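One letter stands for each residue in the lines below.
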Amino acid sequence: MVTETLQPNRLANGEAENSLHKESFHNPLQDSKRRRRNSGTDGTVTTYNENCTEGYVVGLPGPDATNEKKARVQREMTVQDMYNQESFDDDDEDDSDWEPIQKHVEIMKWFCTNCTMVNLDDVVRCDICGEHKESGILSHGFFASPSSQDGLTDVGLEVKDRYKDSHPGISQSGSCTAIGFDERMLLHSEVEMKSHPHPERPDRLRAIAASLATAGIFPGRCYPITAREITREELEMIHSSEQIEAVELTSRIHASYFTPDTYANEHSARAARLAAGLCADLAATIFSGRAKNGFALVRPPGHHAGVRQSMGFCLHNNAAVAALAAQAAGAKKVLIVDWDVHHGNGTQEIFEQNKSVLYISLHRHEGGRFYPGTGAANEVGTEGAEGYCVNVPWSRGGVGDNDYVFAFQNVVLPIASEFAPDFTIISAGFDAARGDPLGCCDVTPAGYAQMTHMLNAFSGGKLLVILEGGYNLRSISSSATSVIKVLLGENPGCELDHCVPSKAGLQTVLEVLKIQTNFWHSLESNYTKLQSQWEIYICENKRKQIKKVRRADALIWWKWGKKRLLYHILKRHHRLKSKEC
């Protein structure tokens, strides 16, 4: 619970109250990841103290700094004069030393566990996501009721009853799904909350783990692998010595920041080593056949961490570590598909000159205005590895299942099939999920399940899913659970085979195909087919627009001309036609 003290004279005319409500609906998380091309590029760690007392009630109007009295009117004022006068004095006394009574008004507020948005204390459900103030999402995951205190949904009750007496034994065989998790990663957290809880918080793992436990998946149907810390020698294969030392330095500092949004405490370096170590061992375990596939339930995330810098909430690049571990175990070609809503600039930087690792990313880009600003369609790799970086940069927010599955069918799957990987990694950020406060997209758990199912067809099913972003607890836990169910062999549910993309989605896919056909011949037929469809769509759209403009021009012209009667007759005729249609 957070309180704020305000002066009553700042609540004049209700302006402060209006400001408060406006601020409550503002989404401060939209600015959490900001584009920082020069921040932390030398691998240094910045430590500083910030004033953490500022609240959400900002910019409240105050009284005038001066109380000067207006000049006396020298002539007799008529009633009209008084009416027109905006203000006048009703007495002759000097009130320049008047001050309002200083009373303290406490404003109580709370932050939503699910989405971290701020709410006033007089409401019990979040104004943004609808989650109950005392929701049990950290105890039961997405099976918790969003509208009641620590209750379960009907589905949650059914699932809990089904698995409460069921504790199947799990053998560590090649037919099982492995999970990488260690509670010590929960110790990585921001030491002092600023004006708002940090979106990359330990509760992300707690919510997913609670969902898996409630569903009887883990513990239950999956087996855990033993955690270990990655070695410096393994890290040096992807990061510079300066970057590794900068992360290690944080273990001797109570609170530090690589960039203004990428924090560390004294436990962060170990959490990052554990996360990377789990990913490396999962990759080796799966490729060697000791597990069918796996899910790395890890944090801090990694795909923004590049050769020389930690940024975007990421310290070490977990997917890159896993790719090299798979190659060390015998894999010759590794596919990394990154569906986090932000471009994995770190992963691309590490492998952009490497033809043995194919990196495909689907992300919001918006002409470079969306964090981190990289990942344009023309970023294809360098130094002889052109074509081994494939970027699908969405031009807007709100992208949903249809656009993602359409891009998979026409870009991701054909290229992956031609590449023929020995091992597949998914950088699974769930911040493109419906309800996420940073991503603002619309992918559902069914959409994530379908994409996982598609990728499971490659590499003989040797697939490792690594958690990246995702900041709405209900969205991230339901999506992760759906993905793990597919790894366990369950059907993804709804079929999304015949997806109709949005206009913006089709344009993005065509842009990518135009560039990538220079490197992947399997795309040529798709590009020709979609280009024809696009041209037909454009022609039909133009024809409709021309008809509409001609009809509108004629009617408007007649409306004010001599053909007013004809205008009204035609208008009635069009109205009747539209009703018939």
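For clarity, every value in this text was computed on a predicted model and none was experimentally measured.

Novice: Provide a residue-level description of the overall build of the protein, including the pertinent values.
Specialist: Along the backbone of the protein there are 17 helices and 13 strands. Every one of the 581 residues in the protein was classed for burial, and the buried ones make up 50%. The long-range share in the protein, meaning contacts at least 24 apart out of those at least 6 apart in sequence, stands at 75%. In the structure as shown, the protein presents an accessible area of about 28,000 Å², 50% of it carried by carbon and sulfur atoms.

Novice: So what's going on with the side chain of Asp261? Residues and values would help.
Specialist: Residue placement: Asp261 occurs in the loop between β6 (255-259) and β7 (262-265). In this structure the side chain of Asp261 is engaged in a polar contact, spanning 3.1 Å, whose partner is the side chain of Thr262.

Novice: Give a description of the packing of helix α9 (residues 268-287) against helix α10 (residues 318-328) that names residues and reports values.
Specialist: In contact at an axis separation of 8 Å, α9 and α10 are set at 35° when each is read in the N-to-C sense. Once α9 is placed against α10, the crossing between them reads as right-handed. Note on element contacts: α10 touches α9 through Asn318, Val321, Ala322, Ala325 and Ala326, opposite Ala272, Ala275, Ala276, Cys279, Ala280, Ala283 and Phe287.

Novice: Mind laying out the packing of helix α5 (residues 203-214) against helix α14 (residues 473-487), listing which residues take part and the relevant values?
Specialist: The geometry of α5 relative to α14 is characterised by a closest axis approach of 9 Å and an angle of 50° between their N-to-C directions. In terms of orientation, α5 lies oblique with respect to α14. Where α5 crosses over α14, the handedness of that crossing is right-handed. Taking contact as the criterion, the partners of Asp203, Arg204, Ala207, Ile208, Ser211 and Leu212 in α5 are, on α14, Leu473, Ile476, Ser477, Ala480, Thr481 and Ile484. Of the residues that constitute the contact of α5 with α14, the class distribution is 7 nonpolar, 3 polar and 2 charged.

Novice: Just give me the short version of the sheet that holds strand β11 (residues 389-394), but keep the residues and values in it.
Specialist: Strand order in the open sheet made by the 8 strands is β5-β4-β8-β13-β12-β9-β10-β11, with parallel pairing throughout. Edge positions in the sheet fall to β5 (223-224) and β11, since each has one partner strand and no second. Taken together, the 5 bridges between strand β9 (residues 334-338) and strand β10 (residues 357-364) define a ladder with parallel strand orientation. Bridge assignment links Val337 to a residue of β10, and that residue is Ile360. Across the sheet, α14 touches β4 (177-180), β8 (293-296) and β13 (463-467), and the angle it forms with β8 is around 165°.

Novice: Tell me about the nonpolar core, and name the residues and values.
Specialist: One finds Phe295, Phe423 and Phe430 to be the most contacted residues of the largest nonpolar core, which totals 113 residues. Top contributing element to this core by residue count: α9, with 11 residues. Ala246, Ala264, Ala269 and Ala272 belong to the second largest nonpolar core, which has 7 residues in total.

Novice: Before we move on, could you go through the UniProt feature "domain: RanBP2-type" (unreviewed entry) in the protein and cite the residues and values that matter?
Specialist: Feature annotation in UniProt assigns "domain: RanBP2-type" (unreviewed entry) to the following positions: residues 110-129. When the span residues 110-129 is considered, its composition is 0% helix and 25% strand, and the gap between its end C-alpha atoms is 14 Å.

Novice: Summarise the pairing of β10; cite the residues concerned and give the values.
Specialist: The buried fraction of β10 amounts to 8 of the 8 residues, a majority that puts the element mostly inside the structure. Here β10 shows a buried face lined by Val357, Tyr359, Ser361 and His363 and a second buried face lined by Leu358, Ile360, Leu362 and Arg364. For the segment spanning β9, helix α11 (residues 345-351) and β10, crossover handedness is right-handed. As defined by bridge partners, β10 adjoins β11 across 6 bridges and the pair is classed as parallel. In the sheet register, Leu362 faces β11, and the bridge partner there is Val392.

Novice: Explain the environment of Thr262 to me, using residue names and the numbers behind them.
Specialist: Relative to the assigned elements, Thr262 resides in strand β7. Residues Thr262 and Phe313, spaced 51 residues apart in sequence, show a C-alpha to C-alpha distance of 4.5 Å. Ignoring any residue separated from it by four or fewer positions in sequence, one finds Thr262 in contact with Ser256, Tyr257, Met311, Gly312, Phe313, Cys314 and Leu315. Reaching out from Thr262, the side chain makes a polar contact with the backbone nitrogen of Gly312 at a distance of 3.1 Å.

Novice: With reference to specific residues and values, describe the pattern of salt bridges.
Specialist: All told, the structure shown has 18 salt bridges when counted by the stated rule. Notably, a salt bridge pairs Arg396 with Asp403, separated by 3.7 Å at the nearest N-O pair. Exposure remark for Arg396: the relative accessible area of 32% places this residue in the partly exposed category. For Asp403, a relative accessible area of 5% translates into the label buried. The network of salt bridges with shared partners includes Glu229, Glu248, Arg270 and Arg273.

Novice: Can you explain unusual backbone geometry? Please cite residues and give values.
Specialist: Generally, phi is negative for residues other than glycine and the peptide bonds are trans, each holding for most cases. In the segment running from Phe218 into Pro219, the intervening peptide bond is cis, with an omega of 0°. Topologically, Pro219 is positioned in helix α6 (residues 217-221). Geometrically, the link from Tyr371 to Pro372 is a cis peptide bond, its omega value of 0° lying close to zero. Checked against the element boundaries, Pro372 lands in the loop between β10 and β11. Positioned with a positive phi, Thr116 is a non-glycine residue whose angle comes to about 70°. As for its position among the elements, Thr116 is in the loop between β2 (105-111) and β3 (118-120). Judged by its relative accessible area of 2%, Thr116 falls in the buried class. Even without a glycine there, the phi angle at Glu366 is positive, about 55°. By secondary structure assignment, the location of Glu366 is in the loop between β10 and β11. Judged by its relative accessible area of 15%, Glu366 is buried.

Novice: Go over the state of the cysteines, please, and point to the residues and values.
Specialist: Enumeration according to the criterion identifies 0 disulfides in this entry. The cysteine Cys129 is free of any disulfide, with Cys112 supplying the nearest cysteine sulfur at 3.5 Å. Of the residues examined, Cys129 reaches a relative accessible area of 30% and is grouped as partly exposed. For the unlinked cysteine Cys441, the closest cysteine sulfur is that of Cys440, found at 7.4 Å.

Novice: Break down the packing of aromatic side chains for me, with residues and values.
Specialist: For the structure shown, the criterion picks out 9 aromatic pairs. The interplanar angle of 45° and the centroid separation of 5.4 Å between the aromatic rings of Trp339 and Tyr448 together place this pair among those described as tilted. Residue Trp339 is found in the loop between β9 and α11, and its partner Tyr448 is found in helix α13 (residues 445-455); the two are separated by 109 residues along the sequence. What makes Trp339 buried here is its relative accessible area of 0%. Through pairs of rings, three or more aromatic residues link up here, namely Trp339, Phe430 and Tyr448. In this structure, Lys333 packs its charged tip against the face of Phe419, placed 5.3 Å from the ring centre.

The rules behind each value
- Throughout, residues of each chain are indexed from 1 in the direction in which the sequence is written.
- Two thresholds apply to this predicted model, a pLDDT of at least 70 for residue-level local features and 80 or more for giving and counting side-chain atom pairs, whereas whole-chain, interface and lining totals are computed over all residues.
- In computing side-chain properties, one takes all heavy atoms of the structure into account and sets aside hydrogens as well as water.
- Secondary structure is summarised from DSSP: a helix means a run of H or I of at least four residues, a strand means a run of E of at least two, and numbering begins at the N terminus for each.
- When accessible area is computed with a 1.4 Å probe and restricted to protein chains, residues below 20% of their type maximum are described as buried, those above 50% as exposed, and intermediate ones as partly exposed.
- We call two residues contacting when some pair of their heavy atoms lies within 4.5 Å.
- For the accessible areas, the method is Shrake-Rupley and the probe is 1.4 Å, while residue cover comes only from the protein chains on display.
- Here a polar contact means two N or O atoms within 3.5 Å. Within protein one must be a hydrogen donor candidate and the other an acceptor candidate, and residues neighboring in sequence count only if both atoms are side-chain atoms.
- Angles here are taken between N-to-C directions and fall from 0 to 180 degrees, while the axes themselves are lines fitted to C-alpha atoms, restricted in helices to the stretch in contact.
- By definition, any crossing whose near helix is turned counterclockwise from its far helix by less than a right angle is left-handed, and any crossing with a clockwise turn is right-handed.
- Any angle that is under 35 degrees is reported as roughly parallel, and any over 145 degrees as roughly antiparallel; angles of 65 to 115 degrees are reported as roughly perpendicular and all others as oblique.
- Throughout, the ten residues Ala, Val, Leu, Ile, Met, Phe, Trp, Tyr, Cys and Pro are labelled nonpolar, Asp, Glu, Lys and Arg are labelled charged, and all others, Gly among them, are labelled polar.
- By definition, two strands form a pair when at least two bridges between them are found by DSSP.
- Joining through side-chain atoms within 4.5 Å is the link that ties buried Ala, Val, Leu, Ile, Met, Phe, Trp, Tyr and Cys residues into a set, and such a set is a nonpolar core.
- UniProt positions are given in the numbering used here, feature names are shortened, and annotations may be inferred rather than shown by experiment.
- Crossovers are marked right-handed if the path from the first strand over the helix to the second runs clockwise, as seen with the strands pointing away from the viewer.
- Put simply, a salt bridge is a Lys or Arg side-chain nitrogen that is within 4 Å of an Asp or Glu carboxyl oxygen.
- When two cysteine sulfur atoms lie within 2.5 Å, the pair is treated as a disulfide.
- Put simply, two rings from Phe, Tyr or Trp (the six-membered ring, in Trp's case) pair if the centres are within 6.5 Å, and we call them stacked under 30 degrees between planes, edge-to-face over 60, tilted for the rest.
- Whether a charge sits over a ring depends on NZ of Lys or CZ of Arg being within 6 Å of the ring centre and within 35 degrees of the ring normal.

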